[in-house]
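Observations on the three-dimensional arrangement
Residues per chain are reported as follows:
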Number of protein chains: 2
Amino acid sequence: MSDTTSYTPPRIWTWNQPNGGRFASINRPVAGPTHSRELPRGKHPLQLYSLATPNGVKVGVMLEELLALGHAGAEYDAWLIRINDGDQFGSGFVDVNPNSKIPALLDCSGPEPVRVFESGAILLYLAEKFGAFVPADSARRAECLSWLFWQMGSAPYLGGGFGHFYAYAPSKIEYAIDRFAMEAKRQLDVLNRRLAESRYIAGDDYTIADIAIWPWYGNLALGQLYDAGEFLQVQEYTHVVRWATEIASRPAVGRGRMVNRVSGPLDQQLHERHDASDFDTRTQDKLQASA
Amino acid sequence: MSDTTSYTPPRIWTWNQPNGGRFASINRPVAGPTHSRELPRGKHPLQLYSLATPNGVKVGVMLEELLALGHAGAEYDAWLIRINDGDQFGSGFVDVNPNSKIPALLDCSGPEPVRVFESGAILLYLAEKFGAFVPADSARRAECLSWLFWQMGSAPYLGGGFGHFYAYAPSKIEYAIDRFAMEAKRQLDVLNRRLAESRYIAGDDYTIADIAIWPWYGNLALGQLYDAGEFLQVQEYTHVVRWATEIASRPAVGRGRMVNRVSGPLDQQLHERHDASDFDTRTQDKLQASA
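How each quantity is defined
- Residues numbered from 1 in each chain as written.
- Chains lettered and ligands numbered in written order.
- Predicted model: local features only at pLDDT ≥ 70, side-chain atom pairs only at ≥ 80, totals over all residues.
- Heavy atoms only, no water.
- Contact = heavy atoms within 4.5 Å.
- Buried area = accessible area lost by both parts, 1.4 Å probe.
- Salt bridge = Lys/Arg side-chain N within 4 Å of Asp/Glu carboxyl O.
- Helix = DSSP H or I, 4+ residues; strand = E, 2+ residues; numbered from the N terminus.
- Nonpolar A, V, L, I, M, F, W, Y, C, P; charged D, E, K, R; others polar.
- Least-squares fit on C-alpha atoms with pLDDT ≥ 70 in both.
- Pairing = 2+ DSSP bridges.
- Axes fitted to C-alpha atoms, helices over the stretch in contact; angles between N-to-C directions.
- Phe/Tyr/Trp six-rings, centres within 6.5 Å; stacked < 30°, edge-to-face > 60°.
- Buried < 20%, exposed > 50% of the residue type's maximum accessible area, 1.4 Å probe, protein only.

**Side note on the interface of chain B and chain A**
- Contact residues are listed per partner, giving 79 residues for chain B and 79 residues for chain A.
- Buried area between chain B and chain A, both sides added, is near 7400 Å², and the carbon and sulfur share of it is 61%.
- Summed over the three residues of chain B that lose the most area to chain A, namely Trp13(B), Phe149(B) and Met182(B), the buried surface amounts to 11% of that side.
- For the pair chain B and chain A, the number of links is six salt bridges.
- Linking Glu230(A) and Arg11(B) is a salt bridge whose minimum nitrogen-to-oxygen distance equals 2.1 Å.
- Contributing elements (two or more residues each) for the side of chain B that touches chain A: strand E4 (114-117), helix H3 (119-130), helix H4 (138-168), helix H5 (174-197) and helix H7 (229-232) of chain B.
- Ranked by residue count, the leading element in the side of chain B that touches chain A is H4(B), at 19 residues.
- Of the residues assigned to the side of chain B that touches chain A, the class counts are 41 nonpolar, 19 polar and 19 charged.

Set out below in structure tokens:
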């Protein structure tokens, strides 16, 4: 195998060099804040601190779906966390998420702010708070939770595994790319078989399982992740493509994926969101700015 | 960097060779069953299909903790799934978990069996079913869920990342070992800072967050995972060690980690569990058998 080397790990690992390719500057072997910085706080009950990565998009979509259903309590301020600039290591952010990852949520609707971190926990917290997008019936709830947790345990192999070694690592390591490409295809096939028999992931209804899975595997199946559509032959997963296309057409998904987005087409970027009208003014402002 | 090669990925990935080192035979790019096989079904309300890996141990511990609290409805049969023999690809298992991973649970207490897969979903399902090990109060529940999901999203970097490249891969790839060792240490530090201020992960009470995190990071901190204690200098994480040691001393944890265990000391192996008394007869039988 072309990667085989004579490398022997030392007895004790030491932090010798930047490691991580494109994201080398934000990978560290220690946790905790690197600098003191308060988080901004807006007027709405919910404060989201995020960036429109696949994990971030989940929460933007969820909040827009809740608002579309008429849940005024889901009004939110979305603040941009630029992870390449190290915003996630500010003391205020670490207080909300000690793991220094986006997204993080602060629910200020009660007497004391409640912190929630990890995208899956945030989705479930919001689903329970508003009684939406998670089934009440025990068996259907179990199915929804199973797939929600499936996404949490699977996507690290797609993102931190396949995506890292295929797209971001400083050199192409055949063994690692091969290992994680195989797993990414297996995961797509798991979903494809499920969606061959079911309109949505957890059954007949659109739930937080879809909201969690779509930004990763839906975008992957639509060829919009890691430029890997041809490599993984994503068009073969026809049921995933059908499902991903349907979900992409939801208006709340269209809005949610713009929240805290800082790349791609200008008219798809809403760096901060503080009001429903921001989606309209954003388009106008951006188009004027780029004119 | 010693791993740098001139490898260029092909346009389309193909499955050319076994990949995965020690677990090569069970890694595939497709999902679904490979053979027809029914799952056994015992007399108890809950049927567990598992193996005592860190993910499997979570559920054994949870069920033993529930029984220790007096929840007779948590009585269970635990059936062994030998993943190196491909038991997880049998049709009956795939029906319970389409992702072909242990652990999987069937709740037969109602009119129709309910399937639950993914260890985190199983823990939450059982916690809600019995009203135990998850806080009822909204803020404390949010903290518990955040850490539960933290484990789900983090452990793939420890298991599929660090553990694979450090302990199981067919060659030692410096870049990958370095990348995932850094992340494993960061994760230990996240927990160490949390446990410096809190007796248990989610606060003053022992919850499913502890039950989920202990088999991975507790065992790691006690030097019982991947033989990596010295490499990662786990003794530095003194609060994790304190917490891991306390949890290891719980009688239910002692029993739960034996369930579906097929390696290690004979008196710690209970291949199947069908009755509380199995823990006693097991010890006797095994010691006789090895005499």
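From this point, the discussion proceeds with the structure in view.
**As for the relation of the copies chain B and chain A**
- When chain B is fitted to chain A, the best match, at an RMSD of 0.0 Å, comes from turning it 180° and sliding it 0.0 Å along the axis. The relationship between the two copies is best expressed as a two-fold rotation axis.
- Counting the interface residues of chain B, we find that 100% of their copies in chain A are interface residues as well, pointing to one common contact surface.

**A closer look at the sheet that holds E4(B)**
Residues and elements named next belong to chain B.
- One open sheet accounts for four strands, arranged E2-E1-E3-E4; its pairing is mixed. Across the chains shown, the open sheet's two edge strands, defined by having one partner strand only, are strand E2 (76-80) and E4. With direction set aside, neighbouring strand axes in the sheet form an average angle of 20°.
- Bridge count for strand E1 (residues 46-50) against E2 is five bridges, and the pairing is parallel. The residue bridging Tyr49 from the neighbouring strand is Trp79, located in E2.
- Sitting on the sheet, helix H1 (residues 54-68) is in contact with E1 and E2, with an inclination near 155° to E1.

**Quick look at the packing of aromatic side chains**
- Taken as a whole and judged by the stated rule, the model has 30 aromatic pairs over all chains.
- Seen from their ring centres, Phe149(A) and Phe149(B) are 4.3 Å apart, and the 10° between their planes marks the pair as stacked. With Phe149(A) in helix H4 (residues 138-168) and Phe149(B) in helix H4, the pair connects residues from two separate chains. The residues Phe149(A) and Phe149(B) share a single accessibility class, namely buried.
- Summarising the aromatic geometry, the rings of Phe162(B) and Tyr166(B) are spaced 4.9 Å apart at their centres and angled 15° between planes, so their arrangement reads as stacked. Of this pair, Phe162(B) and Tyr166(B) both sit in helix H4, separated by four residues, roughly a single helical turn. Both residues of the pair, Phe162(B) and Tyr166(B), count as buried.
- Ring pairs connect the aromatic residues Tyr157(A), Phe165(A), Tyr175(A), Phe180(A), Tyr157(B), Phe165(B), Tyr175(B) and Phe180(B), which therefore count as one cluster.

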